[in-house]
Structures are given as structure tokens and as C-alpha cells.
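# Observations on the three-dimensional arrangement
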Amino acid sequence: QLIAFVGAHEVFVKPRANGLGPWDFGLGTELLDGIDDEELERKQTAERNNGRLAMFAIIGLMWQDGTFGKTPFALLNETGWLPDRFFKYIPQCVDGLSTDRV
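### Examining the overall build of the protein
Looking only at helices and strands, the protein features five helices and zero strands. Reading the secondary structure of the protein in the N-to-C direction produces α-α-α-α-α. In the protein, which comprises 102 residues, the share counted as buried stands at 9%. With an accessible surface of roughly 8800 Å², the protein has 62% of that area assigned to carbon and sulfur atoms.

Next up, the structure:
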């Protein structure tokens, strides 16, 4: 299925006319029409940096899950920090907490 999808993509999807390069299929670029090159570079740099931050964050979450065997929220809930700090002040969440944490 994956090979068929990649093959169909290569055959049917063509780069857009006046694109930024042969890799540019024009997906989501309507907002970039009419802006100068400096603004385009600033937006691309911001997008690239946000992507790097997201990759760093998900790697940290995967490392924590692999090291401790629990998700970050499960780990915080086990130590009591998360409910004591946040949930005990929300009336809808107090019923779900154990009596020793309220």
C-alpha cells in the first residue's frame, strides 16, 4: 500500500507553476502570495524553529516514557503534584481525586 501511494503521488502530483523549486507542490502557500522575500524567509525560519522545538519535545516525552515506563501525566499524578497543584481547585475535578489529596 505504501509503495502504491508513493508511486501514485509521484505520477499524479506535479509541482506548481512558478513554485519555489521542484519540491514545491503549492500546498498551503496561498498565504505567502504577495509578501516580500524578507518576510518569507522570516516565516520559513519561524516554521523551521517551531518544528525543531516540537521534535525536541516529543523526543523528551519518549525518553521519559522509556526511562520510567510512564507518561509524564501518569508520573505527575503518581507523585501527587499534578492533582494538588491544579485539580483540587476545579470543582468538577475534585470528585475524581482520592480523599487524601483533597
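### Points about helix α2 (residues 37-68)
The terminal C-alpha atoms of α2, which comprises 32 residues, lie 47 Å apart, in line with the 46 Å expected from a rise of 1.5 Å per residue. Just downstream of α2, Gly 69 is the residue with a positive phi angle, here 75°.

Basis of the calculations
- Residues numbered from 1 in each chain as written.
- Predicted model: local features only at pLDDT ≥ 70, side-chain atom pairs only at ≥ 80, totals over all residues.
- Heavy atoms only, no water.
- Helix = DSSP H or I, 4+ residues; strand = E, 2+ residues; numbered from the N terminus.
- Buried < 20%, exposed > 50% of the residue type's maximum accessible area, 1.4 Å probe, protein only.
- Areas by Shrake-Rupley, 256 points an atom, 1.4 Å probe, with all protein chains shown as cover.
- Expected span 1.5 Å × (residues − 1).

Keep in mind that these numbers describe shape and distance, not what the molecule does.
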